[in-house]
Amino acid sequence: MALQGPEELGEQVEEPEDLDDQDASSISPAEEMTLPAGPGGDDEPEEALLLPWDRFSAWLHCICVVGFDLELGQAVEVSHKLGFGKTSICYLSFPDSNSGCLGDTQFCFRFRQGSNRKSSLGCFLETADRDAPLCLKRDQGHYYGYVYFRQVRDKSLKRGYFQKSLVLISRLPYVTFFHSLLKILAPEYFEKQEPCLEAACNDIDRWPTPHPGRILTLPIMGVVIKVRIPTCYDKPGTSQLVHSLIQLSLSRCFYPVFFHIQMLWELVLLGEALVVMAPSPAESSDTVLALVSCISPLRYCSDFRPYFTIHDSEFKEYTTRTQAPPSVILGVTNPFFAKTLQHWPHIIRIGDMKQAGEMAKQMKVKKLKNLKTLDSKPGVYSAYKPYLNKDEDIIKQLQKGVQQKRPSAAQNAILRRYFLELTQSFIIPLERYVASLMPLQKSISPWKSPPQLRPFVQQDFMKTLEKAGPQLTSRLKGDWIGLYRHFLKSSNFDGWFRNRRREMTQKLEALHLEALCEEDLQQRIQKHTEVEAVDLVLKLKDKLSQAEREQLPVRPGTLAKLQAHIEAVILALPEDLQGILHKPSTP
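Residues numbered from 1 in each chain as written. Predicted model: local features only at pLDDT ≥ 70, side-chain atom pairs only at ≥ 80, totals over all residues. Heavy atoms only, no water.

Going by the annotation in an unreviewed UniProt entry, the name recorded for the protein is DENN/MADD domain containing 6Aa, with Myripristis murdjan given as the source organism.

Encoded structure:
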């Protein structure tokens, strides 16, 4: 079954240390589930303009129930305008038959789906994306599926098992949040069936839109969830809710391969083709998501599939041998992939994830030829030679934690700090160089077009590393220059630089707008003809429209001041021109 609003939507953190293993389903109806909150405010008055099901669509595309049919296999039991990807969703919502997942299992998948329709929520979603951290922005090219799968013995059924998945489909990468939501919804659904889901959809349609920086109160099935979605202005590592929205327990995910975490960080940073082979979708998706998050606050810009099956629409594209493997991280569980993907350059084999207490034994990176089947020993299979020397201190620290049975929350904190400091040490020299490409503010003239950013020249950047490289903030030695050269060819650099260039261009536009507002426009038009004055008004209107459309980072009051300038110039013109210029422009 799939439930959603009457109109389809047309259109990426760390977990708080004390919430790593919190079971949302254990909350009683009288209790509140309160996640760490920060400064917030009341809903925007514009939210009153939202149509029925708009609020639901701001969080979810739809809710599906996928069951097992003896003749058809996996099938969406009831479909209400699911509209796309029905076959993919069916197969991705069930573990592979070899996984043997008895009981309740939760995992996540991601599938490609472009935007074909304009959403009536456009302005609200753009505002949320503008203020959200990169890792939590709405994914315009993909949907996420959050799955709660139940398989229990049932002799009354011909197959002998009850098998069903409750699935939430959304563009939001709030992994742990939606898993917590499913822990509330799924047990109720399996007990009470469809009326329960209809009530849940109505609850969600009363939620405020997901606005970063505000405390949001989200009632669902008699439970109240309180969250504050972090903003891009929060300092990395300080916003607790980032943890609870997206990231999982890093110490558990990396435990089987923690001797190789630094090499894995390099592979993810460089956008290398990487496959995770795991015994279940839960372990597969958790590991892929942990890998993607390890370069935070840098956004992973290549494709990643937390759970990938042979039925996926990109199966042929990603498994072909006629070209090099694409820049993607795949999580798989089907033994068939051990043969199909054996030509991939980097493979991580994950065994059953054990709780901290038993020391991981694999030490060396294994050769790819040793990987024959999915039953091969856990470890990292790769011919990759890391650019940086191995950090023995972090390995010793983690080993000591295992030996002393340090709480997983503390192990998580150590790993997160390590990855954050490593990524920041790498990215700071790039940030410093890119900032130097910004023209001086004194070069901005209100009567000339805003100056352009200077181009990124790789050779010039490399020269800055000698005195202002990562050695200023990191104790690690190695071939940093080689790592940067490789990174500058990757999709992660391309995505990062495009984002920084867009932000800096908007900043120049904002400074140009502020310079215009400081001018005495009325005095200036006295020296010009009416035609020139009208031309000025039209250009100022375009500037104002651009600032509102692109939400330029101008000082408070700037747009109101510009609007006042426009009005003053219009009033200085003859009445016939005033009437024409006051007419709203046609889109």
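There is more to say after this.
Novice: Tell me about the nonpolar core, and name the residues and values.
Specialist: By size, the foremost hydrophobic cluster in this structure holds 107 residues, and its most contacted members are Trp59, Phe254, Trp265, Phe426, Leu430 and Phe456. When residues are assigned to domains, this core turns out to be shared by domain 1 (54–247) and domain 2 (250–497), each giving three or more. The contact partners of leucine 430, leaving out residues within four places of it in the chain, are Phe456, Phe461, Tyr484, Phe487, Leu488, Phe493 and Trp496. Counting residues in each nonpolar core, the second largest holds 22 residues, with Leu521, Ala533, Val534 and Leu573 among its members. (Core = buried A, V, L, I, M, F, W, Y, C linked by side-chain atoms within 4.5 Å. Buried < 20%, exposed > 50% of the residue type's maximum accessible area, 1.4 Å probe, protein only. Domains from an automatic or database assignment. Contact = heavy atoms within 4.5 Å.)

Novice: Outline the pairing of strand β12 (residues 328–332), listing residues and values.
Specialist: Taken residue by residue, a regular strand's side chains alternate between the two faces of the sheet. Extensive coverage of β12 is indicated by the burial of five of its five residues. Side-chain alternation along β12 places Val328, Leu330 and Val332 on one buried face and Ile329 and Gly331 on a second face that is also buried. Here four bridges tie strand β10 (residues 274–277) to β12, and the two strands are oriented parallel to one another. Across the sheet, the residue bridging to leucine 274 is isoleucine 329, located in β12. Of the strand pairs in this sheet, strand β11 (residues 303–305) and β12 are connected by three bridges, and their pairing is parallel. From the neighbouring strand, arginine 305 faces β12, where its bridge partner is leucine 330. (Helix = DSSP H or I, 4+ residues; strand = E, 2+ residues; numbered from the N terminus. Pairing = 2+ DSSP bridges.)

Novice: Hey, could you go over helix α4 (residues 175–192) for me, with residue numbers and the actual values?
Specialist: End to end, α4 covers 25 Å across 18 residues, agreeing with the expected 26 Å (1.5 Å per residue, within 8%). A bend of about 30° at lysine 183 is the largest found in α4, and the proline proline 187 appears one to four places after it. Among the 18 residues in α4, 13 count as buried, and that is most of the element. Just past α4, the residue glutamine 193 takes up positive phi, approximately 65°. (Expected span 1.5 Å × (residues − 1). Bend = angle between axes of the 7 residues up to and from the residue.)

Novice: Can you explain the packing of aromatic side chains? Please cite residues and give values.
Specialist: What the rule picks out here adds up to 40 aromatic pairs. Look at tyrosine 174 and phenylalanine 178: their rings are 6.3 Å apart centre to centre, the planes differ by 20°, and that puts the pair in the stacked class. Across this residue pair, the class does not change: tyrosine 174 and phenylalanine 178 are buried. In textbook terms, an aromatic cluster arises when at least three aromatic residues are bridged by ring pairs, as seen for Trp265, Phe426, Tyr433, Phe456, Phe461, Tyr484, Phe487, Phe493, Trp496 and Phe497. Stacked on the ring of phenylalanine 304, the Lys or Arg arginine 110 has its end atom at 4.0 Å from the ring centre. (Phe/Tyr/Trp six-rings, centres within 6.5 Å; stacked < 30°, edge-to-face > 60°. Lys NZ or Arg CZ within 6 Å of the ring centre and 35° of its normal.)

Novice: Explain the pairing of strand β7 (residues 161–170) to me, using residue names and the numbers behind them.
Specialist: Burial analysis of β7 places eight of its 10 residues in the buried class, the great majority of the element. Pairing of strand β6 (residues 142–153) with β7, which is carried by 10 bridges, proceeds in the antiparallel orientation. Considered in β7, the bridge of glutamine 151 is made with glutamine 163.

Novice: Provide a residue-level description of the sheet that holds strand β13 (residues 346–349), including the pertinent values.
Specialist: Ordered by their spatial adjacency, five strands build an open sheet running β11-β12-β10-β13-β14, and the pairing between neighbours is mixed. The sheet is open, and its two edges are formed by β11 and β14 (379–382), each paired on a single side. For this sheet, the mean angle separating the axes of adjacent strands, direction not counted, is 15°. Contacting β10, β12, β13 and β14, helix α8 (residues 261–269) runs over the sheet at an angle of about 50° to β14. Sitting on the sheet, helix α9 (residues 281–293) touches β10, β11, β12 and β13, and the angle it makes with β12 is about 160°. (Axes fitted to C-alpha atoms, helices over the stretch in contact; angles between N-to-C directions.)

Novice: For the pattern of salt bridges, give the residues involved together with the corresponding values.
Specialist: What the rule picks out here adds up to 21 salt bridges. In this structure, glutamate 503 and arginine 500 form a salt bridge, with 2.9 Å as the shortest nitrogen-oxygen distance. Here arginine 500 and glutamate 503 lie together in helix α16 (residues 491–517), a separation of three residues that amounts to about one turn. Arginine 555 is the partner of glutamate 514 in a salt bridge, and the nearest nitrogen-oxygen pair spans 3.3 Å. With a gap of 41 residues between them, glutamate 514 in helix α16 and arginine 555 in the loop between α18 (530–550) and α19 (558–571) connect regions that are remote in the sequence. Glutamate 514 gets classed as buried once you look at its relative accessible area, which sits at 6%. (Salt bridge = Lys/Arg side-chain N within 4 Å of Asp/Glu carboxyl O.)

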